[in-house]
Structures are given as C-alpha cells and as structure tokens.
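Each chain, letter by letter, is given below.
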Amino acid sequence: MTPRVVRAAPVLRGEVRVPSDKSIGHRALMAAAIADGESQVLLHRAGDDLRSTERCLSALESGEVLDCGNSGTTMRLLTGLLAGQGIPGVLDGDESLRRRPMERVAAPLRAMGADVRTTDGHAPLSIGRGALQATAHRPKEASAQVLGAICLAALGAEGETTVEMPAATRDHTERLLAWLGVPIRRDGLTTILVGPARPRAFAIDVPGDPSSAAAWIVAATLHPDADLTIVEACLNPTRLAFVDVLNRMGAQIELIENSTDGPEPTGSLRVTSAPRLDAVEIGGEEVAGLIDELPLLAVVMAAAEGISELRDAGELRVKESDRIGSVVENLARIGARVEERSSGWRVSRGTPRNADVTSYGDHRIAIAFAMAALSGVAGEVRIDDPGCASVSYPGFWEDLEALAGVPA
Ligand code: S3P
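Residues numbered from 1 in each chain as written. Predicted model: local features only at pLDDT ≥ 70, side-chain atom pairs only at ≥ 80, totals over all residues. Heavy atoms only, no water.

(A) Spotlight on the site of the ligand. Every residue close to the ligand is listed here: Ser23, Arg27, Thr73, Arg76, Ser143, Ala144, Gln145, Arg170, Ile291, Asp292 and Lys319. Within the side chain of Ser23, an N or O atom sits 2.7 Å from an oxygen atom of the ligand. Separating an oxygen atom of the ligand from a side-chain N or O atom of Arg27 is a distance of 2.6 Å. Look at the ligand: alone it shows 380 Å² of surface, and the protein chains cover 95% of it. Of all the secondary structure elements, the ones that give two or more residues to the shell around the ligand are α1 (22–34), α3 (72–85) and α6 (144–154). For the shell around the ligand, the class distribution of residues is two nonpolar, four polar and five charged. Formed jointly, the shell around the ligand draws a minimum of three residues from each of two domains, domain 1 (4–20 + 208–404) and domain 2 (22–204). (Near = heavy atom within 4 Å. Polar contact = N/O pair within 3.5 Å; in protein donor to acceptor, adjacent residues only side chain to side chain. Areas by Shrake-Rupley, 256 points an atom, 1.4 Å probe, with all protein chains shown as cover. Helix = DSSP H or I, 4+ residues; strand = E, 2+ residues; numbered from the N terminus. Nonpolar A, V, L, I, M, F, W, Y, C, P; charged D, E, K, R; others polar. Domains from an automatic or database assignment.)

(B) Looking closely at the side chain of Gln145. Looking at the element boundaries, Gln145 is found in helix α6. Those residues in contact with Gln145 that sit more than four places away from it in its chain are Arg27, Gly72, Thr73, Arg76, Leu77 and Val105. (Contact = heavy atoms within 4.5 Å.)

(C) Quick peek at the sheet that holds strand β14 (residues 252–258). Spatially, the four strands line up as an open sheet ordered β2-β13-β15-β14, and their pairing is mixed. Strand pairing shows two members of the sheet lacking a second neighbour, β2 (12–16) and β14, which therefore form its edges. Each strand axis lies, on average, 15 degrees off the axis of its neighbour in the sheet, ignoring direction. Taken together, the seven bridges between β14 and strand β15 (residues 266–272) define a ladder with antiparallel strand orientation. Bridging across to β15, Glu254 finds its partner in Arg270. The strands that helix α8 (residues 210–222) touches are β2, β13 (226–234), β14 and β15; relative to β15, the one it contacts most, it runs at about 20 degrees. (Pairing = 2+ DSSP bridges. Axes fitted to C-alpha atoms, helices over the stretch in contact; angles between N-to-C directions.)

(D) Representation of the pattern of salt bridges in the model. Per the counting criterion, the structure on display carries 38 salt bridges. A salt bridge links Arg45 to Asp399; its shortest N-O distance comes to 2.9 Å. Pair noted here: Arg45 is in the loop between β3 (40–42) and α2 (48–58) and Asp399 is in helix α13 (residues 396–404), with a separation of 354 residues, a long-range link. Here Arg45 falls in the partly exposed class, since its relative accessible area comes to 32%. Where Asp322 meets Arg317, a salt bridge forms, and the shortest distance between an N and an O atom there is 2.9 Å. Owing to a relative accessible area of 31%, Asp322 belongs among the partly exposed residues under this scheme. Where salt bridges share partners, they join Glu281, Glu309, Arg311, Glu339, Arg341 and Arg346 into one cluster. (Salt bridge = Lys/Arg side-chain N within 4 Å of Asp/Glu carboxyl O. Buried < 20%, exposed > 50% of the residue type's maximum accessible area, 1.4 Å probe, protein only.)

(E) Representation of the packing of α1 against α2 within the structure. Packing of α1 against α2 leaves a shortest axis separation of 9 Å and a crossing angle of 10 degrees. Put simply, α1 runs roughly parallel to α2. Of α2, the residues touching α1 (which contributes Lys22, Gly25, His26, Leu29, Met30 and Ala33) are Asp49, Leu50, Thr53, Glu54 and Leu57. When grouped by side-chain class, the residues that make up the contact of α1 with α2 number five nonpolar, three polar and three charged. (Parallel < 35°, antiparallel > 145°, perpendicular 65-115°, else oblique.)

If you want it as structure tokens, here you go:
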C-alpha cells in the first residue's frame, strides 16, 4: 500500500456531492431483495460496504458463504433479513469484521425462534430455518443495526414486534419500511412493527451520506479560508447531531432543505470557516446519534479553546477499529494534548506537527486525519492506508484534490 501525504490547503472552496448514504443504501438493497416486484435502487459512487451487501444478495441462492467484507451493517442486517425470510446461510467477513460482536443480533433473533449461531460471539455466523414469533425486545446497546436486524426479521413474524432502545438511533429502517407500506412506527424510544409484511416494489435515489459530508463540514469549519457546499445530502435529523455539536462549538453551518418524494429529507449544507471554536462536552444519550462522526469531532476538539471531553462512548471500541485507541494515538502524533479514557477521551490544543497516521484499515480514521492536515490542525501527515477510505467514500482523494484546489 502506498501511503498518502496530506498538507494544509491554501483555500477550501466549492461544491461537492458525496457518495450515497451507506445506512439507507443497505436497507434499500435488502428491501428490494424481498419486495413485491422489481425495484430500482440508485446509488451514487457506492462504497465497498454497499458493494458487500449487493454481492451477498446476489449470492443468496448459490449456497456460497456470504462475504460481508468490512461491513458490520451488511452482516447484522442480513442476519435479520435471512432469519425473517427463512433463508439459511453462512455469513463471514474480513479480519476486522470477525473481531466485532455478533451476539447483539444473534440473541434477540434467537428469542424470536430463529436458529442463529455465532463463532464464540463472532463471525462466521450461520442461520438455519426456523419459524419466528413476534417478541418484545430491550437491547442494551443503542444500535441502529440491532434495531434494523430485529425489524427485518419481524417482517416474517406474525404479530407485533417491539424494540425499546436505551437511546434514540438513526431511524432509516422505520422510514424506509413505512414508505414501502409496512406497518411500522417509532413511538419515543420504541419501534413497533406488525408482521408478517412484505414491502412494495419501489424506486429510490439514495441521497448523500451525512457522515461523509461531515468530513467536509469539519474541514471547512477548521480551515481559515473556507466556503463549501455539500449538495444532495440526506438531512435526516437523526444523522445531524454532529451539526448541533459543531454549532455549539461556534461553527457556521447552514442547512437548506429541499422537499423530497422519498422516505428521507434531502438538501444542501453550506459551511464557512468558524471565527472561533470553544471546547465541548459530549456524553449520555447524545452519543448514539454521533457515533460515526466522533473521530472527526475529536479533530475539532484538538483545535478548540479549552479542554473537550467525550464520555459514554464505549461502543467506539467495537467499530471497524478500536476508535478510542486509534483516535487517541493519532491525535497525540499530530501534536494534540489527549488523554484516553475507558469510554472516551479528553482533548485540548497542542502544537501541530507532522506525523505518520496509522488508520488500522478504518475508513473513518483515515478520513478524519486527512481533514486534520487539510485544515491545518496537524502539520503534514502521511496516511498509511489511504485505500480504506473507499469503504464509505470512493473518490474521497479526488474530491479532496478538487476542493483544496491543489494536489494533496
Ligand atoms: C449503522 C449504525 C451504526 C453505525 C454504522 C451504520 C446502520 O452502528 O456506526 O456505521 O446503518 O444501522 P451501530 O448500530 O452498531 O451503532
């Protein structure tokens, strides 16, 4: 792998359309696979994770092991889908995915009567045939993947399935299935689905991923001479908690919503340089809505006035990498002051310096630290594995060159 060097951009200006949202894309592909008729899912620059879902769905009848690659969402949602449809299968993934916890989906599906086996709580994971019953669930993790897996399984169960979450998570499963005629609703922290149900056939143009848009929003907020607009982005409020946090710190972000015929609100985000950024404290129920943006927010914390703190984010330890460890290590290398906690970190400004960044094959780490260098929060950085950005954001490095106006 050839490392990639990123340095501060002289200016950050222009307009960008980021690749289609991963969360909506996975759900749309899976709904299309079981819908009543032929559907059309339009994905712009689908990342590797969405390709993993496509690949698994095409291989369903082959009897082959379903390779979920690096994608936890593919593995967890597909387990629910297969259990609900009574389709047996074996699911596996790459080294990182094999380390991630799978009992969080296997256990609730078993409680519904599904035959789901894990390998010591991990992939490979096998699903056998089994009739499902509607069941009440109270998962202990605030996870949209767990919620989504249970809902997809519940499509094949007779009666009312309920899922009460400890904190609000992204609501794409509810929005999509409701739009497709499935009796599903969210009431406070509880989602209720009445099965059995089959989605209608549909056509969807999947809007841009707010978690990818967040990279440009952070870069422009931090850069002294920036004015960027992200167009055709998903503006679902359950995905925009990071905008609230950044605004709390002093960022200048404007949302321009266009109406939509689909299940999700879409529109543009315009962001200009923040005149000043103050420290922030993040913890409690807010964390679930920020989970994918926390590495980027850590970079903003490293540029703010005062000491910022993240608490209650132990879930970061079981993402594509241990994101508490990988963020803390790389922040220290770029010169920030940082302290690791079991479920978070404390960060304040230090002296920016040149650094080698180790991404641990984690797209969000590679992208966050590219933004640190591009905006001047770090000196020049060398990213060890730039290719991993394509897990969520194929074309990331090309967009970076185009927006920064110079080859990075
Ligand atoms: C996702 C949910 C989140 C998120 C992941 C996508 C989804 O994971 O980190 O990138 O599409 O449901 P958890 O549900 O494990 O928090």
